[in-house]
Each structure stands twice: as C-alpha cells, then as structure tokens.
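One letter stands for each residue in the lines below.
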Amino acid sequence: LNELRRDTELEKEFGFPFYAEIFKTARQAGSQATFYINEFDVEAVGGSFEANLALYEKQIEQHRQNGAPLEGIGIQAHFGADAPGIEGVWGALD
C-alpha cells in the first residue's frame, strides 16, 4: 500500500479495514509477495513531519489490529534545503 494519507478513495468507499482484506486475500490466493506499507513526509520527528508521522503510526497499528500480514514499512523522502537533521530522522525511524 502506498501513500494512504492522501490516496483515500478506497477507504472512503469501503472503510479502512478493506486494506487489510486486500493483503489477506492476496496471501490466501497464494501470493509470495512481501507486503509493505509506504508513506512520505514522515521522515523526521518534530516540525511539519510530526502530524504525518503520528497518522502513519496510527495506520500501521490499525492494519495490525485488522490482521493485515504486513512485513515491512517504507519511508519515502526527498530532501532539499529544509532537510531534517539526522537526529530527527533516527527519531522517526525509532
């Protein structure tokens, strides 16, 4: 699953638990894929990233509670002049 913070069409139509059903159905159908969730603008603690990071953590926990067989998380980032310090990045990863 990619960028659920902004791509919410399926959630609006079917509810958030639908995402876990996608994973579970794929696994039951024999998929050997490794299942990940990915989000952007969550790469540091503090500042403008904080709310995004909190939502991402909440979504990950919701997926787990809904039985999604998640096997990894992704953090997508494009750094520019406003790049967070390494401490902020490590904080987000922790």
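Below you will find a few notes about this structure. (Residues numbered from 1 in each chain as written. Predicted model: local features only at pLDDT ≥ 70, side-chain atom pairs only at ≥ 80, totals over all residues. Heavy atoms only, no water.)

1. Overview of the overall build of the protein chain
Applied cut-off: A helix here means a DSSP run of H or I that spans at least four residues, while a strand means a run of E at least two residues long, and both kinds are numbered starting from the N terminus. Each residue gets one of three labels from its accessible area relative to the maximum for its type: buried under 20%, exposed over 50%, partly exposed in between, using a 1.4 Å probe on protein chains only. Any two residues whose heavy atoms approach within 4.5 Å are treated as being in contact.
What the protein chain contains, in helices and strands, is four helices and two strands. Listing the helices and strands of the protein chain from first to last along the sequence gives α-α-β-α-β-α. For the protein chain, buried positions account for 32% of its 94 residues. A separation threshold of at least 6 residues defines the contact pool for the protein chain, and within that pool the share at least 24 residues apart is 69%.

2. What to know about the pairing of strand β2 (residues 72-76)
Heads up, the rule is: A pair of strands is considered paired only if DSSP assigns at least 2 bridges between the two. Whether a crossover is right-handed comes down to one check: with the strands pointing away from the viewer, does the path from the first strand over the helix to the second run clockwise; if it does, it is right-handed.
Here strand β1 (residues 36-40) runs beside β2; their pairing, made up of five bridges, is parallel. When the bridges of β2 are listed, Y36 appears paired with G72. Taken together, β1, helix α3 (residues 49-65) and β2 constitute a β-α-β crossover, and its handedness is right-handed.

3. Focus on a nonpolar patch on the surface
Stated formally: Exposure above 30% relative accessible area and the absence of a salt bridge qualify a residue for a patch, where like charges join within 9 Å and nonpolar side chains (Val, Leu, Ile, Met, Phe, Trp, Tyr) within 5 Å. For the accessible areas, the method is Shrake-Rupley and the probe is 1.4 Å, while residue cover comes only from the protein chains on display. Salt bridges are defined as contacts in which a side-chain nitrogen from Lys or Arg sits within 4 Å of a carboxyl oxygen from Asp or Glu.
A contiguous nonpolar surface patch, about 410 Å² in accessible area, is contributed by I75, I86, W90 and L93. For the nonpolar patch, the element with the highest residue contribution is helix α4 (residues 86-93), accounting for three residues. On the secondary structure map, I75 appears in strand β2.

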